[in-house]
Amino acid sequence: MSAIYLLRRFSSKPFSRFHRNIFFSTFSKESSPPDLSRTTRTIFTQRSVSSSIWFFPQSKISPNRREFSTSVETNPTVKSFEKIHVQSGVIVERIHKNEEEEEETVSRVNVERKALREESEAEKEAWRILENAIVRYCGSPVGTVAANDPGDKTPLNYDQVFIRDFVPSALAFLLKGEGEIVRNFLLHTLQLQSWEKTVDCYSPGQGLMPASFKVRTVALDENTTEEVLDPDFGESAIGRVAPVDSGLWWIILLRAYGKITGDFSLQERIDVQTGIKLIMNLCLADGFDMFPTLLVTDGSCMIDRRMGIHGHPLEIQSLFYSALRCSREMLSVNDSSKNLVRAINNRLSALSFHIREYYWVDIKKINEIYRYKTEEYSTDATNKFNIYPEQIPPWLMDWIPEQGGYLLGNLQPAHMDFRFFSLGNFWSIVSSLGTPKQNEAILNLMEAKWDDIIGNMPLKICYPALEYDDWRIITGSDPKNTPWSYHNSGSWPTLLWQFTLACMKMGRPELAEKALALAEKRLMADRWPEYYDTRSGKFIGKQSRLYQTWTVAGFLTSKLLLANPEMASLLFWEEDYELLDICACGLRKSDRKKCSRVAAKTQILVR
Ligand code: GLC
């Protein structure tokens, strides 16, 4: 986006010095910045923000926890929040310590960590690259660029801070004991959420988080310049894809920040609570949907190009489920939030039922689909989505192992996408979207299909590749997404940290260690590529960036998680049995119709 465009945007609603002064004089070192409404222009200038400490006061660990919504409230008259308030023992312990004790503990942990483990050369280099990737705004660190490849003459938007890319960087910093950059990132992106955005005169929903942002220096007059944050909500992105996952990642990171630092004051702030609510309201808004899954266009997540993942892709559903669980934990319950909390609980329950029941495939289920009858018109049809058995791809019949299974890539009327998508499956494990048995089975499949999904370089973004006519029709003949390259079954080392978290949750860290060792052999020598190509991930990707930040950060985060299992455990969720009991459909009470959920529940629990 050109500077001219930027200035035009400013002048569409004049932003006078007077205005700016008022805005910045409304909060002080002790108070929080105001909650910005959609109509407030949010520009921070070098001169206005003289100190980052002033703008982001260091918060203390709150001694008393308020009521959170980590509970299930099916009946609005029953207030059961306190009763089933869930917290991990580690955090309860941390929040009762005073500040000095806290600092002492953190430094002791750091010393112990150092004493236990000597950093490898690859780790040392990775830290150097990560530090170099830091983006500063008015002197404070606010994120990391997507890539820092010195040989790249056309960085496109890789010089921006991507919300999704920053997550592994943030975790690496947090696990190292550095919270400031993450806190700044969360607060600044929150301000961008209120930005007025339009694509050809159309305004996307309030609450949308940008895909990325850039710090630009704008000349005010001959002698003065100021720094501005310039977000991209998709209006400049290739293909004009909608960054649906950004808000979900923002919520996930906000919770992780609280869990790892013990600083819960950030999520308690009114503007932060409003930010969570805006994202949730956008996700939970009524539409024409028939399913509890989130309906999105193609390319609305990590795979941000046309790849036939429009509709209800697993990646979005598992991040949505995780964000719902995070929000339920973080939202303070009061009159203004109780309806939203109830909607979140209902959605969590319906979503997990839907995914567990209809997205799951293993050898038994494939055999069932193979024998499906079609054109069933009834509420209790077996083949509810009218899937024609001929859709089962030939590769799958041979590929599916006796042990193990996975969650489908996508499900729509008469359409099952049988491709295996790594991120969606890993997050289903991490968030307990899948049942305990399904989660175990996904890792069994990973083990059985190691050569296909890990091969020479972890980890395939999806499996298998779209080839021939499928590639032509589904990708629109995309030369970047040729078979076994980039999003079309390329291998992305950044996915290592998500695999590591999933393995640790399931008590199988050795799988993650094995994958990490493979990556460590090559990443530094190969200059930290964005992705690898070919069936086995043998070659550095055709158009792959080098010194890709989330490759570096994913590697470091994996290492740190494995070295700190107690920290890793703060980032995943166990099965929530209360959720399984919620059923909001009303059919339960009626004699005439049977609720299919209730009928299937026992089955789902044991699967
Ligand atoms: C590519 C990836 C996307 C990532 C971006 C920046 O567009 O597909 O997931 O966020 O690069 O690294």
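Conventions used here
Once a new chain begins, its residue numbering starts again from 1 and follows that chain's sequence as written. Thresholds applied to this predicted model are a pLDDT of at least 70 for local features of residues and 80 or more for the giving and counting of side-chain atom pairs; totals over whole chains, interfaces and linings are not thresholded and use all residues. Heavy atoms from the whole structure form the basis of all side-chain values; hydrogens and water molecules are not counted. For each residue, the test is whether any non-hydrogen atom lies within 4 Å of the molecule or strand; if one does, the residue is near. For every accessible area listed, the method is Shrake-Rupley and the probe measures 1.4 Å; residues are considered covered only by the protein chains on display. Residue classes follow a fixed rule: Ala, Val, Leu, Ile, Met, Phe, Trp, Tyr, Cys and Pro count as nonpolar, while Asp, Glu, Lys and Arg count as charged, and any other residue, Gly among them, counts as polar. Pairing between two strands is assigned when DSSP locates at least 2 bridges connecting them. Think of it this way: any DSSP run of H or I at least four residues long counts as a helix, any run of E at least two long counts as a strand, and we number them from the N terminus. Inter-axis angles, ranging from 0 to 180 degrees, are taken between N-to-C directions of lines fitted to C-alpha atoms, where helices are fitted over the stretch in contact. Left-handed describes a crossing in which the near helix is turned anticlockwise from the far one by less than a right angle; the clockwise case is right-handed. By definition in these notes, contact holds between two residues if any of their heavy atoms fall within 4.5 Å. For a helix, the expected span equals 1.5 Å multiplied by the residue count minus one. Using a 1.4 Å probe on the protein chains alone, a residue whose accessible area is under 20% of its type maximum counts as buried, one over 50% counts as exposed, and one in between counts as partly exposed. Starting at the helix axis, one direction is taken to each C-beta atom, and the arc is that of these directions. For classification purposes, angles smaller than 35 degrees are called roughly parallel, those larger than 145 roughly antiparallel, those between 65 and 115 roughly perpendicular, and all remaining angles oblique. By definition here, a salt bridge exists when the distance from a side-chain nitrogen of Lys or Arg to a carboxyl oxygen of Asp or Glu is within 4 Å. Here a Phe, Tyr or Trp ring, Trp counted by its six-membered ring, pairs with any other such ring whose centre lies within 6.5 Å, and the pair is stacked when the planes are under 30 degrees apart, edge-to-face when over 60, and tilted otherwise. Note on geometry: a ring has a charge over it if NZ (lysine) or CZ (arginine) is within 6 Å of the ring centre and within 35 degrees of the ring normal.

*Asks:* Talk me through the site of the ligand; I want residue IDs and the actual numbers.
*Replies:* Neighbouring residues of the ligand: Ala 146, Tyr 158, Phe 162, Arg 164, Asp 165, Met 302, Asp 304, Tyr 486, His 487, Glu 530, Gln 548 and Trp 550. Alone, the ligand offers 310 Å² of accessible surface; in the complex the protein occludes 95% of this. Classifying every residue of the shell around the ligand gives 6 nonpolar, 2 polar and 4 charged.

*Asks:* Account for the sheet that holds strand β4 (residues 212-219), with residues named and values stated.
*Replies:* Judged by pairing direction, the sheet is antiparallel, and its 3 strands sit side by side in the order β3-β4-β5 without closing on themselves. The open sheet has two edge strands, β3 (161-162) and β5 (225-232), and neither has a second partner. Two strands pair when backbone bridges link them, and β4 and β5 are joined in this way by 8 bridges, in the antiparallel orientation. In the strand pairing of β5, Lys 214 is matched with Asp 230.

*Asks:* Just give me the short version of the packing of helix α8 (residues 180-193) against helix α9 (residues 244-261), but keep the residues and values in it.
*Replies:* Two numbers describe how α8 lies on α9: the axes approach to 11 Å, and their chain directions differ by 145 degrees. Here the hand of the crossing between α8 and α9 comes out left-handed. Across the interface between the two elements, Val 182, Arg 183, Phe 185, Leu 186, Thr 189 and Leu 190 from α8 touch Trp 250, Leu 253, Leu 254 and Tyr 257 from α9. A class-by-class count of the residues in the contact of α8 with α9 yields 8 nonpolar, 1 polar and 1 charged.

*Asks:* Just give me the short version of helix α21 (residues 509-522), but keep the residues and values in it.
*Replies:* With 14 residues, α21 should reach 20 Å at 1.5 Å per residue; the first-to-last C-alpha distance of 21 Å fits that figure. Every buried residue of α21 is accounted for by Leu 511, Ala 512, Ala 515, Leu 516 and Ala 519. When α21 is viewed along its axis, its buried side chains cluster within an angular range of 125 degrees and face the same direction. If you follow the buried residues of α21, they end up packed against α17 (436-448), α18 (450-453), α20 (496-505) and α22 (549-563).

*Asks:* Account for the packing of α8 against helix α11 (residues 270-284), with residues named and values stated.
*Replies:* Between α8 and α11, whose axes approach to 10 Å, the crossing angle comes to 55 degrees. Between α8 and α11, the interaxial angle falls into the category oblique. Here α8 and α11 pass one another in a crossing that is left-handed. Contact residues: α8 offers Leu 187, Leu 190 and Gln 193, while α11 offers Asp 271, Val 272, Gly 275, Leu 278 and Ile 279.

*Asks:* Residues and numbers for α9, please.
*Replies:* One full turn of an α-helix is made of 3.6 residues, so residues set three or four places apart face in the same direction. The end-to-end C-alpha distance of α9, which contains 18 residues, comes to 27 Å, matching closely the 26 Å that a straight helix rising 1.5 Å per residue would cover. Among the 18 residues that make up α9, 17 are buried, leaving the element largely enclosed by the rest of the structure. One or two positions beyond α9, positive phi appears at Gly 262, with a value near 80 degrees.

*Asks:* Residues and numbers for the pattern of salt bridges, please.
*Replies:* Should their charged atoms come close, side chains of opposite charge can pair. Going through the model one piece at a time under the given rule, you end up with 21 salt bridges. A salt bridge links Arg 328 to Asp 576, with the shortest nitrogen-to-oxygen separation between them at 3.1 Å. Placement of Arg 328 in helix α12 (residues 314-330) and of Asp 576 in the loop between α23 (565-568) and α24 (577-581) is noted, with a sequence separation of 248 residues between them. Like Arg 328, the residue Asp 576 is buried in the burial classification.

*Asks:* How would you explain the packing of aromatic side chains if you had to name every residue and give the values?
*Replies:* Within the structure shown, the criterion is met by 22 aromatic pairs. Where Trp 395 meets Tyr 463, the ring centres are 6.0 Å apart and the plane angle is 90 degrees; that geometry is what we call edge-to-face. One end of the pair, Trp 395, is in helix α15 (residues 394-399); the other, Tyr 463, is in strand β11 (residues 462-463), with 68 residues separating them in the sequence. We classify Trp 395 as partly exposed; its relative accessible area is 27%. With a relative accessible area of 8%, Tyr 463 lands in the buried category. Here the aromatic residues Trp 395, Trp 399, Tyr 406, Phe 420, Tyr 463 and Trp 484 are joined through ring pairs into a cluster of three or more. When the ring centre of Tyr 486 is taken as origin, the NZ or CZ atom of Lys 480, which lies over that ring, is 4.3 Å away. Over the face of the ring belonging to Tyr 158 we find Arg 545, whose NZ or CZ atom lies 4.1 Å from the ring centre.

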